[in-house]
Amino acid sequence: MTDNILRMPNRRAVAEDDPRGQLFQDLICAYHIIDLLGQPSGMGSHLTARLPGADTFLFHVHNFGFGEVTPELVHEADFDLNVLTGDVAINPTLHIHTRMYLARPDVTCIVHTHAKHVSALSAIGQNLEPVTQSACRLHNDCVFFDEDDGVALGLGPGEAIARALGHRSALVLKNHGLLTVGRSIPEAVVLADTMETQAEIQLLAMAAGTLDLPSLEGRERSKNYLRSDKMIGRAWTTMMRQLARERPEVLEM
C-alpha cells in the first residue's frame with residue numbers, strides 16, 4: 001500500500017553520472033519553489049549553486065525574478081564574477097556568494113531574499129529566535145548581521161558577511177533580508193523557508209507578549225531531528241509536490 005503513495009514527483013531524466021546536470025535541475029526547481037513560497041525575488045534577491053569544492057557557480061541572469069527563470073537564464077561564472085557561458089548580466093552584489101564559497105568548501109547553495117517578515121524583524125534589530133520546534137532547525141545557527149546595511153558592492157561586504165557567518169547556516173541582515181547556506185540546494189531552500197515562516201510567528205508572539213522559548217534540551221533535540229538529511233529531504237519533497245501541482249512544466253525543464 002505504502003509503495004503506491006506519491007512522494008517525489010517525476011522529473012525530466014538526468015543521468016546519475018551527471019552531477020552538474022542534477023545540480024542544474026535542482027536549481028531551476030529551487031527558483032520556482034522560493035517564488036511559490038512568496039519570498040520577493042526581484043533585482044535584489046539571488047540564489048546560486050556550485051558543485052562541491054568547485055571554483056565556479058551557477059546563477060540566474062540579473063533583473064529576472066525567480067518565477068521567470070528558465071534554463072536559458074542560468075549561467076556559470078567564476079569567483080571574480082566573470083560570466084563563462086554567455087554574454088549576460090550578472091548581479092554585481094554576488095560577491096556575497098563568492099566570498100562564502102571561498103570560505104566554506106562545504107557549501108553547495110546560497111539563498112538570499114528580501115523576505116517580508118525577516119526584513120521586518122531585522123528592522124527592529126532582532127535576530128531569529130527558536131520560538132517553535134520548527135524554528136529550532138536554526139538553533140545556535142543564525143547570526144544577526146549589522147556591520148553593513150547598504151548595497152553590498154565590491155569584495156568588502158561579502159568578506160564581512162562570510163566572516164560573520166563563520167561555520168553557521170543563516171543570517172538576518174539588518175534592514176535587508178535573509179541569507180542561508182546549505183550543503184545541498186534542498187537544505188538552503190528549506191532553511192530560507194524556515195526563516196521566513198518562523199519570523200512571522202516570532203513577530204506575532206512579540207506583539208502579544210514576552211517570548212517564552214523551549215528548553216535548551218528541547219531546542220537541541222528538535223534541531224537534531226529536523227536538520228537530519230531525512231527530514232530536510234522530506235521537506236524538500238513536499239515543496240517539489242507543490243511545484244508539480246502548480247507549475248508542472250518546470251519539472252520538464
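Residues numbered from 1 in each chain as written. Predicted model: local features only at pLDDT ≥ 70, side-chain atom pairs only at ≥ 80, totals over all residues. Heavy atoms only, no water.

Q: What exactly am I supposed to notice about the overall build of the protein chain here?
A: Scanning the protein chain from N- to C-terminus turns up 7 helices and 7 strands. When the helices and strands of the protein chain are placed in sequence order, the string is α-β-β-β-α-β-α-β-α-β-β-α-α-α. Its C-alpha atoms give the protein chain a radius of gyration of 18 Å, near enough to 18 Å, the size a compact globule of 253 residues would have. Expressed as lengths along the three principal axes of its C-alpha atoms, the size of the protein chain is roughly 55 × 50 × 30 Å. Classification of the 253 residues of the protein chain by burial places 51% in the buried group. Surface accessibility of the protein chain: about 11,700 Å² in total, with carbon and sulfur atoms responsible for 51%. In the protein chain, which carries 22 positive and 32 negative side-chain charges, the distance between the mean positions of the two groups comes to 6 Å. (Helix = DSSP H or I, 4+ residues; strand = E, 2+ residues; numbered from the N terminus. Rg over C-alpha atoms; globule rule 2.2 N^0.38 Å. Buried < 20%, exposed > 50% of the residue type's maximum accessible area, 1.4 Å probe, protein only. Areas by Shrake-Rupley, 256 points an atom, 1.4 Å probe, with all protein chains shown as cover. Lys, Arg positive; Asp, Glu negative; His and termini not counted. Charge placed at Lys NZ, Arg CZ, Asp CG, Glu CD.)

Q: Can you walk me through the packing of helix α1 (residues 19-36) against helix α7 (residues 229-246) in this structure?
A: When two helices pack together, you describe them by how their axes are tilted relative to each other and by the distance separating the axes. Taken N-terminus to C-terminus, the directions of α1 and α7 make an angle of 80°; their axes are 10 Å apart at the nearest point. It follows that α1 is roughly perpendicular to α7 by the angle criterion. Where α1 approaches α7, its residues D26, C29, A30, H32, I33 and L36 are matched on the opposing element by W236, M239, M240, Q242, L243 and E246. When grouped by side-chain class, the residues that make up the contact of α1 with α7 number 8 nonpolar, 2 polar and 2 charged. (Axes fitted to C-alpha atoms, helices over the stretch in contact; angles between N-to-C directions. Parallel < 35°, antiparallel > 145°, perpendicular 65-115°, else oblique. Contact = heavy atoms within 4.5 Å. Nonpolar A, V, L, I, M, F, W, Y, C, P; charged D, E, K, R; others polar.)

Q: For this particular structure, what's the right way to read unusual backbone geometry?
A: Negative phi values dominate among residues other than glycine, just as trans dominates among peptide bonds. Positive phi is not limited to glycine here, since N63 has a value of about 85°. With respect to the helices and strands, N63 occurs in the loop between β2 (56-60) and β3 (74-78). Of note in this structure, L81 is not a glycine but carries a positive phi near 65°. Exposure remark for L81: the relative accessible area of 13% places this residue in the buried category.

Q: So what exactly am I meant to see when it comes to the environment of K230 here?
A: Among the secondary structure elements, K230 is positioned in helix α7. Residues K230 and L165 lie 65 residues apart in sequence; the distance between their C-alpha atoms is 25 Å.

Q: How do you make sense of the pairing of β2 when you look at a structure like this?
A: Regular strands show a simple pattern: their side chains alternate between the two faces of the sheet. With 5 of its 5 residues buried, β2 lies for the most part within the structure. Here β2 shows a buried face lined by T56, L58 and H60 and a second buried face lined by F57 and F59. Pairing analysis gives 5 bridges linking β2 to β3, with the strands arranged antiparallel. Bridging across to β3, T56 finds its partner in D78. (Pairing = 2+ DSSP bridges.)

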